[in-house]
Amino acid sequence: HLDVDVDTGETKVETPKLTKITNNQHLQLQKQRQEIASLRISVDRLKDKLAQTLKEGEEQRKAHAAEISDLKDTIAQQSSQLEEHGSDLNEVKQELTDLE
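The shown structure was predicted, so the numbers you read here are calculated from the model rather than taken from an experiment. (Residues numbered from 1 in each chain as written. Predicted model: local features only at pLDDT ≥ 70, side-chain atom pairs only at ≥ 80, totals over all residues. Heavy atoms only, no water.)

J.: Describe the overall build of the protein, naming the residues involved and giving the relevant values.
T.: Of regular secondary structure, the protein possesses one helix and two strands. Element order for the protein, N to C, with α for helix and β for strand: β-β-α. Counting every position in the protein, which comprises 100 residues, the buried fraction comes to 0%. Here the protein has roughly 9,600 Å² of accessible surface; of this, 55% comes from carbon and sulfur atoms. (Helix = DSSP H or I, 4+ residues; strand = E, 2+ residues; numbered from the N terminus. Buried < 20%, exposed > 50% of the residue type's maximum accessible area, 1.4 Å probe, protein only. Areas by Shrake-Rupley, 256 points an atom, 1.4 Å probe, with all protein chains shown as cover.)

Structure follows, in structure tokens:
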């Protein structure tokens, strides 16, 4: 609100309203700063949680890879044992056939 002094032609600004607005804006800014700080903390927590989850996932992947490798080795051993037994069986069959 502006007041004009009729005698001098000076304009006067009523500062209480402006101060009131400024205080409101200041309070809003403080509130927003607090919200931003809170959001930053939340984002940091989420980043930490994600990093932990990724680390655990990588550890699980390595463990699974080791298990798969062990299983492959076991399968290879059992396959070679089966081949040996197979050739032993063939020899026994051949001996039985020879006996007949």
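J.: Tell me about a nonpolar patch on the surface, and please be specific about residues and values.
T.: Among the surface-exposed residues, V92, L96 and L99 lie close enough to one another that they form a single nonpolar patch of about 320 Å² accessible area. Mapped onto the fold, L96 is located in helix α1 (residues 15-99). (Patch = residues over 30% accessible without salt bridge, like charges linked within 9 Å, V, L, I, M, F, W, Y side chains within 5 Å. Salt bridge = Lys/Arg side-chain N within 4 Å of Asp/Glu carboxyl O.)

J.: Tell me about the pattern of salt bridges, and please be specific about residues and values.
T.: This structure, assessed with the given rule, holds one salt bridge. For R61, the salt bridge identified is with E58, shortest N-O distance 2.8 Å. In this pair, R61 and E58 are both assigned in helix α1, three residues apart and thus about one turn of the helix distant.

J.: Now, about a negative patch on the surface: what can you tell me, with residues and values included?
T.: Among the surface-exposed residues, E83, E84, D88, E91, E95 and D98 lie close enough to one another that they form a single negatively charged patch. On the secondary structure map, E83 appears in helix α1. Take E83: its relative accessible area is 60%, and that puts it in the exposed class. (Lys, Arg positive; Asp, Glu negative; His and termini not counted. Charge placed at Lys NZ, Arg CZ, Asp CG, Glu CD.)

Scope: geometric values only; no functional claims are made or implied.
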